[in-house]
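Take a look at the letters that make up each chain.
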Amino acid sequence: MTTTDQRPPGVDTGTASVPSAGRGRYALLIVVLLLAGVLVGSLLHGQFLGLAWRDAFLTCRAATPPVTAGDTPAQSVEKSQQFLQCLAPAERRKGLVSLSGAVLVLLLGLALTQLLPWRLFRRAGPVRPAPAVWQERAERAVRSMHRHAAPPQVVFGSLALREAFTIRFLRRTRMVLPPGIVTAPAEQAEAIVRHESAHVAAGDVGLVWLTRGVWWALPPVLLLPMATTEIRVLLSSDTASPHTLWTPFWAEYAARAALVLILTALVSTSVLRSREHEADLRSVRGTPSAPLRALLSRTTTRRMSWWHRARAIHPPPARRIAVLDAGDLPGQTRVLDGVVYGALAAMAAQTATLVALPTLLGTGENSQTYAVPLSCLLAGVLTAAGWGTALWRTPQRSALTLAGVTLSLPLGVALGFLTDFSRTGTTDLSPFGDWPQLVAVSLAMAGAACLSLALAALWAAHAGAVPTPRRIWILAAVLNTALFTGAWWIGMTSGTLITIAENWFFGVAIAGMTAAWQEPAALGLIVIAGLAWYWNRQRLSLLATSVAATAAALAGRELLPVNVNHTDPLALDRLDWWIAVSAATACVLTLTALHGRNGLGNSLAAAPLAALLTTTGCLLTRDPQHDLIPYLTSAMALSTLAILCLALPITLLPSRWLRTRTWHRPALALATTAGTTTIVMHLGNVLT
């Protein structure tokens, strides 16, 4: 919305060309709200069809032979398959009923998407078509910002209307202008039309109202399980039946549901404020910004309570002028933003894992095979869209700001993990209950955010002042999706194995050697290393560092005594993998010691190469006939874990460090690798 107040024009500014995270954050909101509906459907299934599912479970257990300790692995798998095939119809029914909750939220949301803007349109008073000159102005403004955007229908509201606004309902976009605009200076009237046209050109008018509609649709759907529970009790023939709403389960459910609504409301408010900044910047692209600045300067800001300030969907005029002065969108990586987006992404992934995907996929085996990777992909896409793009906007920050940026996301993930209301009544925070997954996922996501920042800094240094092409932002979106998806998958798997092994180090190590994400992680690390090499201007020095680390690692492998269990046929393979990890870790420590947090980006080029060269060297000297690909995959997967774990503490270091010469890198890498390799060889029996 824009006002019709006026003031003399100010100074022109530039415009923003960097994509915002707005659309990704809208998607995050809608997905979280729909998944909340899936949980409602699951609860309704438990109320009305829970006994039928239990009977089907007991029938299948009695009809299929149980798995015994004496069964071979093949027999165990066959018996499990028989049981799962028997239970599949009941599971599919459960999935469809669960999905009905999301469908109900979506249908109500779509209805409100039409009703809410229609209500605002009616409140504007009797409207009348604007004269043709205003329609032409709007069409010209929209076409200048987006050639293919359909122009809105321009109408005038009642005399009481003070602000212009744009809505979409009944498949038509309408720009409602206050009649007082005809008395405004021509430049300022044009600024108002261009601002509203910028919303149309952005193509998010309908998305805004869809988000609002889905948000308002969720509360009544969340109340359904509570209402049906109370109705069933009231209609029960058992007069002694208690009112089951007065139980800890429903109190916890209500509190978690309220938290979801609050977090999504915070995100919605933040996105709507950013949307106004984007419209301001888009509207002054190629035209003077003085008229818009004059309008904002004359706007009076009335005193508001903290509650109204928190709910305000428009930034203060002074803030909008400051953004026009800067010519770019404000930073979208506040600590609160990171906490909220991390929490919502975690809630979405947890709900998808615990409720939606296992039931929709039909069988327990499919749930184990597909549910976790798909829910991790969902979390990765949402985090990349809502947070990753924002990280790439301004990668160069102070150490204090970076601490907030990097720590806020894992804090949000932990908050979402603990408060996700699909886990109502199931949270177990014993030392090897939910804690390993909570800690592992949070730290892995923090590491992924740090790696994203390091890659963004490399790109910024490589590109300099050259305008960023659109393809780089597509690449950034893909990279962030891969980073956050992989981090969530690694954290979930590692947390599970930590719980099984009841040892944090061995759980993570086993994950690196055996988990299903080995191949994607190894391939991803190689791709990241390739980009880090391409964007780096110090390739020769980094190559020398990698070669020095490889030489020291191979020398230690050959010269130091081998301390492994020789009866285990894979012990020497595991030792070689750890030697490769020692070389990669030494590269990271070397570059960090010399360059502080700026060394992390260089490490993404040097460390994977050192691990690859070391693994290849170990294989050629020990067994050239060994299968190369699985051998390299495990070494690279373990190196990925090492880099991911080191990324967070490195990012918190200062950026300016020691003054160095070119030869310092390979020399220090040689010494550091000698030390790490010695430790690995000494602890070989423990590590393998």
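We now turn to the structure provided with this report. (Residues numbered from 1 in each chain as written. Predicted model: local features only at pLDDT ≥ 70, side-chain atom pairs only at ≥ 80, totals over all residues. Heavy atoms only, no water.)

1. Remarks on the overall build of the protein chain
Now for step 1: Along the protein chain, the regular secondary structure elements total 22 helices and five strands.
Now for step 2: Within the protein chain, buried positions represent 52% of all 688 residues.
Now for step 3: Long-range pairs, those at least 24 residues apart, make up 82% of the contacts in the protein chain between residues at least 6 apart in sequence.
Now for step 4: Counting only carbon and sulfur atoms, one obtains 65% of the accessible surface of the protein chain, whose full area is about 30900 Å². (Helix = DSSP H or I, 4+ residues; strand = E, 2+ residues; numbered from the N terminus. Buried < 20%, exposed > 50% of the residue type's maximum accessible area, 1.4 Å probe, protein only. Contact = heavy atoms within 4.5 Å. Areas by Shrake-Rupley, 256 points an atom, 1.4 Å probe, with all protein chains shown as cover.)

2. Side note on the environment of G404
Now for step 1: Mapping G404 onto the fold places it in helix α12 (residues 399–419).
Now for step 2: Separated by 68 residues in sequence, G404 and L336 have C-alpha atoms that sit 9.2 Å apart.

3. Points about the state of the cysteines
By definition, a disulfide links the sulfur atoms of two cysteines through a covalent bond.
Now for step 1: By the definition in use, this model includes one disulfide.
Now for step 2: Residue C60 pairs covalently with C86 via a disulfide, S to S 2.1 Å. On the sign convention where negative means left-handed, the S-S torsion of about -80° between C60 and C86 marks this disulfide as left-handed. Here the residue C60 occupies a position in helix α1 (residues 22–63), and C86 occupies one in helix α2 (residues 73–123), the gap between them amounting to 26 residues.
Now for step 3: What makes C60 buried here is its relative accessible area of 3%. (Disulfide = S-S within 2.5 Å.)

4. Concerning the nonpolar core
Now for step 1: Counting 131 residues, the largest nonpolar core has Y253, L344, W392, F484, W488 and W517 as its most contacted members.
Now for step 2: Of all the elements, helix α13 (residues 435–463) adds the most residues to this core, at 15 residues.
Now for step 3: Residue contacts for W517: discarding those within four places in its chain leaves W489, I490, T493, A511, G512, A637 and L641.
Now for step 4: In terms of nonpolar packing, the next biggest core, distinct from the first, is built from 22 residues, F156, A184, V193 and L324 among them. (Core = buried A, V, L, I, M, F, W, Y, C linked by side-chain atoms within 4.5 Å.)

5. Examining a nonpolar patch on the surface
Now for step 1: On the surface, a cluster of nonpolar side chains totalling about 510 Å² of accessible area is made up of L96, L99, V103, L106, L107 and L110.
Now for step 2: When you line up the elements, L96 lands in helix α2.
Now for step 3: The exposed category is assigned to L96, whose relative accessible area is 59%. (Patch = residues over 30% accessible without salt bridge, like charges linked within 9 Å, V, L, I, M, F, W, Y side chains within 5 Å. Salt bridge = Lys/Arg side-chain N within 4 Å of Asp/Glu carboxyl O.)

6. A look at the environment of L159
Now for step 1: You can see L159 is positioned in the loop between β3 (153–156) and β4 (163–169).
Now for step 2: Assessed through its relative accessible area of 79%, L159 is described here as exposed.
Now for step 3: Along the backbone, L159 and G180 are 21 residues apart, and their C-alpha atoms lie at a distance of 7.5 Å.

7. Side note on empty space enclosed by the protein
Now for step 1: If you walk through the whole model with that rule in mind, you get two cavities of 30 Å³ or more.
Now for step 2: Put simply, the largest cavity is a space of about 50 Å³.
Now for step 3: V32, L35, A36, V260, M347, A348, T351, D420 and F421 are the residues that line the largest cavity.
Now for step 4: If you list the elements that add at least two residues to the lining of the largest cavity, you get α1 and α10 (335–361).
Now for step 5: Split into classes, the residues belonging to the lining of the largest cavity amount to seven nonpolar, one polar and one charged. (1 Å grid on protein atoms, 1.4 Å probe; cavity = no way out; pocket = protein on both sides within 12 Å on 5 of 7 lines; lining within 4 Å. Points joined across faces, edges and corners; volume = space filled by probe spheres on them. Nonpolar A, V, L, I, M, F, W, Y, C, P; charged D, E, K, R; others polar.)

8. Points about helix α17 (residues 539–559)
Now for step 1: Compared with an ideal rise of 1.5 Å per residue, which puts 21 residues at 30 Å, α17 spans 30 Å between its outermost C-alpha atoms and is within 8% of the ideal.
Now for step 2: Buried residues belonging to α17 abut α16 (518–534), α18 (571–595), α19 (599–622) and α21 (664–682). (Expected span 1.5 Å × (residues − 1).)

9. A short note on the pairing of β4
Now for step 1: The element β4 is largely enclosed, with a buried count of five among its seven residues.
Now for step 2: Strand direction decides the pairing type here: β4 and strand β5 (residues 172–177), joined by five bridges, are antiparallel. Bridge pairing links I167 to R174 in β5.
Now for step 3: Hairpin connection between β4 and β5: a loop of two residues separates the two successive antiparallel strands, and L170 in this loop has a positive phi of roughly 55°. (Pairing = 2+ DSSP bridges.)

10. So, the pattern of salt bridges
Now for step 1: Counted according to the given criterion, the structure contains seven salt bridges.
Now for step 2: With a shortest N-O distance of 3.7 Å, E190 and R137 are connected by a salt bridge. Taken together, the residues E190 in helix α4 (residues 186–202) and R137 in helix α3 (residues 132–145) connect sequence positions 53 residues apart.
Now for step 3: Take R137: its relative accessible area is 17%, and that puts it in the buried class.
Now for step 4: Between D576 and R557 there is a salt bridge, with the nearest N and O atoms lying 2.6 Å from each other. Residue D576 is found in helix α18, and its partner R557 is found in helix α17; the two are separated by 19 residues along the sequence.

Remember that the coordinates give geometry; whether it matters functionally is a separate question.
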